[in-house]
Structures are given as C-alpha cells and as structure tokens.
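Summary of structural features
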Amino acid sequence: MHPMLNIAVRAARVAGSLIVRGFENRDDLVKQAKGANDYVTQIDKDAEMAIIHKIKQSYPEHSFLGEESGETAGESAEFQWIIDPLDGTTNFIKGIPHFAVSIALLHKGRLDQGVVFDPIRGELFTASRGQGAQLNGYRIRASKARDLSETVLATGLPFKNKTQYADYAIRLNKIFHDCGDIRRAGSAALDLAYVAAGRHDGYWERGIKPWDIAAGELLVREAGGLVTDFSGNNDPLYKGEIVAGSVKVVQGLVKHLK
C-alpha cells in the first residue's frame, strides 16, 4: 500500500470509530442547519478534525480542503487532501446505516489516492493512481454493462435546491424508461464506491462538491470505469456534476443529460 494511502486509511478508521460511537448515541446529537435540508453535527466536525490531525502527524506541510473546515493552505501546495468526514449526514441523523468517510489526495492537481470507508459495514474501498481499486484488500472492477436497459443506476435528488427538480425530473424520466432500475441512497461517496465495485452500473448527480466525489472518482477510474461531467468532459471534480460507469453506460446517460 502506498504510504500516503496507508495514512489516509488510518485517518478514515479513526473517524469511523467516532462516527460509530455517535451513531449509537444519536439521542445526544447536536445538529445545526447549514442551509435548506443541509445539516451538520458535532460528529462531522470532530471526525474532520481527527482526520486532519492524523494526516498532519505524518505530513504537516500538506494542504487541506474539508467540507466543514474549508480550505487550509500548507507549506506544500502540490499536495492537497480533500475530506468529507461524514458523507450521508442525513442518513446518519435519521438512523439509516448508509454513510461513509471520504478522503482523497490531490498531487499537483491530479487525484492520486482515495479512500471511502463505510464504518457500519466495515467496507474499506481504496485506490492509488495507476494501481487499481480494492475493497478490503481485494481487487474490484466496474460493471461492463453495454446498454442502459440492463443497468441498475444510482443518483441523487436536488434536495438543497428544489427549484431545480422540474429540469431534473425530465432527465430522470428519460433515463428511468431506458434503464433497468434506479437507486437513491443518500451518499455520493458510496454511490461511486458501489460503481467501482460493480454493484451499481452507473451514477449521475448534480449539485455536488469536490469532497463528495473526489475519492469515489478515483475509485471508479482505477476500477476501469469512466467519469465525466454532464457534457461528457473528462474532469468533473469542480463542475458540480458527475456521471460514472462503463463507457457505454456513461455515453447513454450523457445523451439524456446534455
């Protein structure tokens, strides 16, 4: 395992332990609204600080971009960690056991390392650029589906800005009638990890942030999948939209999403 990936795994496990303890004691949760239908808990904040602290023990000069703490410039701008300490906070608050820690490392602007950790199921998805993707140490591969009609797809709804739903619904309707079925589970990081593992054949979503998708994007690419924006362009990290899956599935989705 790459040394920096190893540190990311350790950080994800530390955060995962905090999250599991918080999940078992949800009656004591303190939550705040960041926006419409968008919440943060003290567990989110504590988990992010624990991740940053763990990484800084080994790489104190690195930079960070965290969902809760924002951007922190370090002495070394060529290394930036992108962190979502708890992707799926609403699921966490409601007692739905589907959420994850997401940690990615950018090196000179390129995704280099990625970890998505589901602390409830104990599933650790990891990827290093050029080295493939793994689930609990075993190689994973994305689906090779060639036609939308045979797929199970994942997506997310524009719950933070419901005025966008009318446009979204038109595209959703077209895709739904072309595909096998659709899932909406509430964690972009896990949606992408499941695409990498071949559990979902494809995934699309708009209104997302880099920390939602950075680690998952690398997982999919290293598992042999394709990742684009809604126009089919190759670098979706800062576009606020993403499409992932096999080449044929992504082409089929982009046709409806353009």
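Residues numbered from 1 in each chain as written. Predicted model: local features only at pLDDT ≥ 70, side-chain atom pairs only at ≥ 80, totals over all residues. Heavy atoms only, no water.

Going by what an unreviewed UniProt entry lists, the chain is known as Inositol-1-monophosphatase and is assigned to Alteromonas oceani. As stated in UniProt under Cofactor (unreviewed entry), the record for the chain gives "Mg(2+)". As stated in UniProt under Sequence similarities (unreviewed entry), the record for the chain gives "Belongs to the inositol monophosphatase superfamily." (UniProt positions renumbered as here; feature names shortened; annotations may be inferred.)

1. Here's the deal with the pattern of salt bridges
Applying the stated rule across the entire model yields 8 salt bridges. Across the salt bridge formed by Arg171 and Asp167, the nearest N and O atoms sit 3.5 Å from each other. Of this pair, Arg171 and Asp167 both sit in helix α4 (residues 165–178), 4 residues apart, which is roughly one turn of that helix. Asp167 sits in the partly exposed class, given a relative accessible area of 38%. Where Arg183 meets Asp181, a salt bridge forms, and the shortest distance between an N and an O atom there is 2.9 Å. The exposure class of Arg183 is partly exposed, given its relative accessible area of 39%. Judged by relative accessible area, which is 30%, Asp181 ranks as partly exposed. (Salt bridge = Lys/Arg side-chain N within 4 Å of Asp/Glu carboxyl O. Helix = DSSP H or I, 4+ residues; strand = E, 2+ residues; numbered from the N terminus. Buried < 20%, exposed > 50% of the residue type's maximum accessible area, 1.4 Å probe, protein only.)

2. Some words on the packing of α4 against helix α7 (residues 247–257)
Axis separation between α4 and α7 bottoms out at 9 Å; the angle between their running directions is 145 degrees. Classified by chirality, the crossing of α7 by α4 is right-handed. Contacts from Arg171, Lys174, Ile175 and Asp178 of α4 reach α7 at Leu253, Lys255, His256 and Leu257. For the contact of α4 with α7, the class distribution of residues is 3 nonpolar, 1 polar and 4 charged. (Axes fitted to C-alpha atoms, helices over the stretch in contact; angles between N-to-C directions. Left-handed = near helix turned anticlockwise from the far one by under 90°. Contact = heavy atoms within 4.5 Å. Nonpolar A, V, L, I, M, F, W, Y, C, P; charged D, E, K, R; others polar.)

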